[in-house]
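# Summary of the model geometry
If you want the building blocks of each chain, they are given just below.
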Amino acid sequence: MFRLHYSTRPFGLQLRSIEEPPGGAGVPTPAPTCYDAECARTEAWLDENQEFVHDYFLRKAPRQVVDAWLVSHATPPSAELPSPSRAGSGATTPVRKISAHEFERGGLLKPLVTTVDGTPTFLGDQPHATPSRPQRRSRHELKQLDEKELIFELVKDICNELEVRVLCHKILQNVSILLDADRGSLFLVQGEKAASPHPQNGRCLVSKLFDVCSKSTPEQMEQLEEIRIPWGSGIVGYVAESGEPVNIPDAYKDERFNHDIDQQTGYKTRSLLCMPIKDINGEVIGVAQVINKQNDGPFTSYDEKVFSSYLQFCGIGLRNAQLYERSQLEVKRNQVLLDLARMVFEEQSTIEHMVLRILTHTQSLIRCQRVQVLLVHEASKGSFSRVFDLEAGDDEEPGTPRTSPYESRFPINIGITGYVATTGETVNIPDAYMDPRFDPSVDEGAGFKHNTILCMAIKNSEGQIIGVIQLVNKFDDLLFTKNDENFVEAFAIFCGMGIHNTHMYEKAITAMAKQSVTLDVLSYHASASIDDAQRLRSLRIPSSAHFSLHELAFDDIDMTDDDTLRACLRMFLDLDFVERFHIDYGVLCRWLLSVKKNYRNVTYHNWRHAFNVAQMMFSILTETQWWKIFGELECLALIIGCLCHDLDHRGTNNSFQIKASSPLAQLYSTSTMEHHHFDQCLMILNSPGNQILANLSSEDYEKVVKVLEDAILSTDLAVYFSKRKGFIELVSKDRTVTPIWGECEERRGLLRAMLMTACDLAAITKPWPVERRVAALVAGEFFRQGDLERQNLNLTPIDIMNRDKEDQLPAMQVKFIDTICLPIYEAFAVLHSSLQPMLDRVKSNRAHWIDLANNDKSNGEKFDYGLEKETEKNDKSSASSHVDDTENTYEGDSSGAVSLSSETNSKFDNLENPVVGLVSNNALVLPRDPTKFCHLNEMN
């Protein structure tokens, strides 16, 4: 450390190194207690010549001496900042209140200590270390330099200075040295260019420093009032407007010179040189003016050249300093807003707690007597449903800190708040009683008088007005400024988002459950490869007759997976979807492969089931010619819906999802798996390379998606029961599908829903060997769910899923046919005669199930479904008894369209997931002997 030490030589100071005191560098060293006579005289002389001491100190004192002085004169931290308290609620008033008025002065902000964590959230108190700068040469030394060296030295002096006022002071002192002038002034441009026809009306010139001489200090200049000069007025205004310098040998002979300044200051101006300061773009950012050359002569053309050369560097430095000052102010402003955002959004569990935070910190920052937040009534925009308020001093009340604001304590000034709530305009009133919208009666008997009011609308993310924030009576009788409006606007934005977010809290929980489901799905599935799509595209597509796609008794037992894909392509081609909707054939191939891949490897609800549902829909549409009733768009949606209606089926039903509290059950309370199937369908349709609907117009796309959603949700039997009565009444009345149905959306919607159910249950309409084969597959899937419920959920499964009660399956199947299947197929047989064979086979299969039930009762033996042994995978079928073990997470699904959801009437409780009331003719290769079932392990 260094200290100033007085030497025995008069008028001199020298630096002497001393040891650190015991307390360390931060403890000031005591001053010497005694001086000799010579030192006393020296000190007395220095006291009488303060200007010399100041100049000497500026030129000679190193940074260490300055630091030592600052440390010795610093205020102890404990005296400056009280220790922050730690209240229980972050909504209480901050320990240190920051006024928004500080931003208007451009001063540095002190740290704001909150009661949330007790730590500073703005810039700390520690000053930033600044690099040491070379000592500036004395005025006498500078005058000994030639022109280039002098300019170089003066440019070095300003190049690292970023504080605007200090920089301006240096510029003026350096200019005075360069031009040997007595004093100078500097004016900076403020404001922005106004719109035409008078683009300069928005700007003026402000004296940052006025009449600076060699002995002036920045501190002295700060005490002077600012002088504002209109743009284009006087000599300074002319230079700023024209961008040209002005050199006046005799100021009093120039009509532009203002004599009043000399009269006020007592200083006589003789010669004057005024020149613009421009930035790198040539824009005038200020005007520098020097007065009275020391030799009483005029400023020469050489002086103008030197002045201009130096001001070029000054313009760059001044612009940098202005940008730095502006950036620092924005940093402070952003820190305030970020801290406010953190306070508001830290907890949004209740609207009361969130509004209390907003009121508290608004009152803390703007410093006013009252703050109110009024929530607009949804039904009537001119009235308010809730009114929260806070008054200065509320935070000082004894007792436990509040966790919710006061409500409706004060009368509402409905004239102003209602106006803001309906128009959305900001109202800033300097005198409430002079505004016609203010109702003076609100102050009567209240012991309170409204003086200044700032009122602003609160909007949600969609720009809708949901409330009003009102501030009343700023402290110290000040008016609410534009700066206050900016901060309140930010508060209003945070408030709107906070209220909206609080209302969206439950939806956020739902979104989290949906995300969990999506991640699970994405980890399991993937789109089909391009190579597979190219391979499928190269295959020949046989006719519909080759695949027997028009047959209601269709059986896929002999078809390979490639055959099912080619048959799907044939359906799209025969229905003219590819040409009509400009579907890229390669994209269609990849989409079909992706849909197939997104069916899990479960026993029954797999790709083969979806393919058979689509085939039945194709057969009915073409045999009945109902495609003319629906139109091409709805037919496209129906075929897509059939192929996708059981996507990502897990081999378990809706009831299992609810019992296991799976993410799917949290996401959808009704039709759980059907909603999931629809979401998966959209995910594939929107994934790259699978967008078969890409060429549809937005209107057609929306229609297809709407019909698609209705079709997939209709496969839930709860939806079927809700619509069946109306459909049967309509059939009894019309007896046939007439053109009127095509013109009525309600009738078409009913017909589409019933068709989806009829196709989903269509296995019951197939010949008995097919029906019998499907029974084994469905029973295997159900029994596996029953095993999961018993093992993982510790529950007793219902009879249809209880492996120990498989002997009751024939009887339960008969009941399922009577209550669910016969009514719908009887109705379709009435609507079109070509569908009569479906009803006939349902009745025939019912007779077979009755025989099996009677035989089981008379023999006392269980019917052999071949479910006790594990099967081997068949190359010709996607079905397999080796079921995906992802069910360990208890994520399941309904058994498809045939499951009875929890909403179904209690009389159907025992019919959930019937054994054979399903569609698919899964291609397990079983013996053709119709007299008995085979074991599943006897596959070819």
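Please read all numbers here as calculations on a predicted model, not as lab measurements.

## Quick look at the overall build of the chain
Helix and strand content of the chain: 34 helices and 14 strands. In the chain, once contacts between residues fewer than 6 apart in sequence are set aside, the share between residues at least 24 apart is 71%. Carbon and sulfur atoms make up 51% of the accessible area of the chain, which totals about 44300 Å².

## Overview of the nonpolar core
Counting residues in each nonpolar core, the largest one holds 106 residues, and the members touching the most others are Phe572, Trp591, Trp626, Ile640, Phe727, Tyr825 and Phe828. Discounting residues that sit within four places of it in the chain, Phe727 has contacts with Trp741, Leu750, Leu751, Met754, Ile824, Ala827, Phe828 and Leu831. Counting 31 residues, the second-largest nonpolar core is a separate cluster that includes Leu340, Val355, Ala490 and Phe491.

## A word on the UniProt feature "binding site: AMP" (unreviewed entry) in the chain
Mapped onto the present numbering, the UniProt feature "binding site: AMP" (unreviewed entry) falls on His605, Asn606, Trp607, Arg608, His609, Asp646, Asp760 and Gln813. In terms of polar contacts, Asp646 uses its side chain to reach the side chain of His609, at 3.0 Å. When you line up the elements, Asp760 lands in helix H31 (residues 745-760). Judged by relative accessible area, which is 1%, Asp760 ranks as buried. Polar contacts involving the side chain of Asp760 include one to the side chain of His609, which spans 3.2 Å.

## A word on the packing of helix H19 (residues 561-574) against helix H22 (residues 607-624)
Following both chains from N to C, one finds H19 and H22 inclined at 30 degrees, their axes separated by 11 Å at the closest point. Between H19 and H22, the angle falls in the class roughly parallel. Once H19 is placed against H22, the crossing between them reads as left-handed. Contacts from Asp561, Thr564, Leu565, Ala567, Cys568, Met571 and Asp574 in H19 reach Trp607, Arg608, Phe611, Ala614, Gln615 and Phe618 in H22. In terms of residue class, the contact of H19 with H22 is made up of eight nonpolar, two polar and three charged.

## Quick word on the confidence of the model for the chain
Do not read the fine detail of predicted coordinates wherever pLDDT is low. In this model, the chain carries an average pLDDT of 74, and 70% of its residues clear a pLDDT of 70 or more. Per-element mean pLDDT across the chain ranges from 37 in strand S2 (residues 13-17) up to 96 in helix H24 (residues 632-644). Note that residues 1-35 has pLDDT below 50 and, in this model, 52 contacts with residues that lie over four places away or in other chains. Counted against residues more than four places away or in other chains, residues 75-97, with its pLDDT under 50, gives 46 contacts.

## Re the packing of aromatic side chains
Two aromatic rings are characterised by how far apart their centres lie and by the angle between their planes. Throughout the structure, instances matching the rule amount to 13 aromatic pairs. Considering the side-chain rings of Tyr252 and Phe257, the 5.4 Å spacing of their centres and the 55 degrees angle between planes classify their relative orientation as tilted. Under the relative-accessibility criterion, Tyr252 is labelled partly exposed at 33%. On the basis of an interplanar angle of 40 degrees and a centroid distance of 6.0 Å, the ring pair of Trp626 and Phe828 is categorised as tilted. One end of the pair, Trp626, is in the loop between H22 and helix H23 (627-630); the other, Phe828, is in helix H33 (residues 809-831), and 202 residues separate them in sequence. A cation over an aromatic ring shows up here: Arg256 above the ring of Tyr238, its NZ or CZ 4.9 Å from the ring centre. When the ring centre of Tyr433 is taken as origin, the NZ or CZ atom of Lys449, which lies over that ring, is 5.3 Å away.

## Description of the pattern of salt bridges
With the rule as written, the count across this model stands at 28 salt bridges. Arg773 serves as the salt-bridge partner of Asp555, at 2.8 Å between the closest nitrogen and oxygen. One end of the pair, Asp555, is in the loop between helix H18 (544-547) and H19; the other, Arg773, is in helix H32 (residues 768-792), with 218 residues separating them in the sequence. For Asp555, a relative accessible area of 27% puts it in the partly exposed group.

## Quick word on unusual backbone geometry
In this structure, Asp648 takes a positive phi of about 60 degrees despite not being glycine. Within the secondary structure, Asp648 is located in the loop between H24 and helix H25 (654-660). Positioned with a positive phi, Asn794 is a non-glycine residue whose angle comes to about 60 degrees. Following the sequence through the fold, Asn794 ends up in the loop between H32 and H33.

## Regarding the packing of H24 against H31
Axis separation between H24 and H31 bottoms out at 11 Å; the angle between their running directions is 25 degrees. Between H24 and H31, the angle is such that the two are roughly parallel. By crossing handedness, the relation of H24 to H31 is classed as right-handed. Taking contact as the criterion, the partners of Glu634, Leu638, Gly641 and Cys642 in H24 are, on H31, Glu745, Arg748, Arg752 and Met756. Partitioning the contact of H24 with H31 into residue classes produces three nonpolar, one polar and four charged.

## Observations concerning the state of the cysteines
Per the stated rule, a full pass over the model turns up zero disulfides. Residue Cys642 stays outside any disulfide, its sulfur separated by 5.2 Å from that of Cys759, the closest cysteine. Left unpaired, Cys681 is separated from the closest cysteine sulfur, that of Cys644, by 3.7 Å. Accessibility expressed as a relative area gives 1% for Cys681, which makes it buried.

## Details of H22
With 18 residues, H22 should cover 26 Å at 1.5 Å per step; its first-to-last C-alpha distance of 26 Å lies within 8% of that length. Here H22 lies mainly inside the structure; 17 of its 18 residues are buried. Measuring from the side-chain oxygen of the N-cap residue of H22 to the backbone nitrogen of Arg608 gives 3.1 Å; that N-cap residue is Asn606. Once H22 ends, the next one or two residues include Gln625, with phi positive near 65 degrees.

## Things to note about the side chain of Asp303
In this structure, Asp303 sits in helix H12 (residues 301-345). Only 2.9 Å separates the side chain of Asp303 from the side chain of Lys293, close enough to count as a polar contact. In contact with Asp303, not counting residues within four places along its chain, are Leu179, Leu273, Lys293 and Pro298.

The rules behind these values
Residues numbered from 1 in each chain as written. Predicted model: local features only at pLDDT ≥ 70, side-chain atom pairs only at ≥ 80, totals over all residues. Heavy atoms only, no water. Helix = DSSP H or I, 4+ residues; strand = E, 2+ residues; numbered from the N terminus. Contact = heavy atoms within 4.5 Å. Areas by Shrake-Rupley, 256 points an atom, 1.4 Å probe, with all protein chains shown as cover. Core = buried A, V, L, I, M, F, W, Y, C linked by side-chain atoms within 4.5 Å. Buried < 20%, exposed > 50% of the residue type's maximum accessible area, 1.4 Å probe, protein only. UniProt positions renumbered as here; feature names shortened; annotations may be inferred. Polar contact = N/O pair within 3.5 Å; in protein donor to acceptor, adjacent residues only side chain to side chain. Axes fitted to C-alpha atoms, helices over the stretch in contact; angles between N-to-C directions. Parallel < 35°, antiparallel > 145°, perpendicular 65-115°, else oblique. Left-handed = near helix turned anticlockwise from the far one by under 90°. Nonpolar A, V, L, I, M, F, W, Y, C, P; charged D, E, K, R; others polar. pLDDT = per-residue confidence, 0-100. Phe/Tyr/Trp six-rings, centres within 6.5 Å; stacked < 30°, edge-to-face > 60°. Lys NZ or Arg CZ within 6 Å of the ring centre and 35° of its normal. Salt bridge = Lys/Arg side-chain N within 4 Å of Asp/Glu carboxyl O. Disulfide = S-S within 2.5 Å. Expected span 1.5 Å × (residues − 1).

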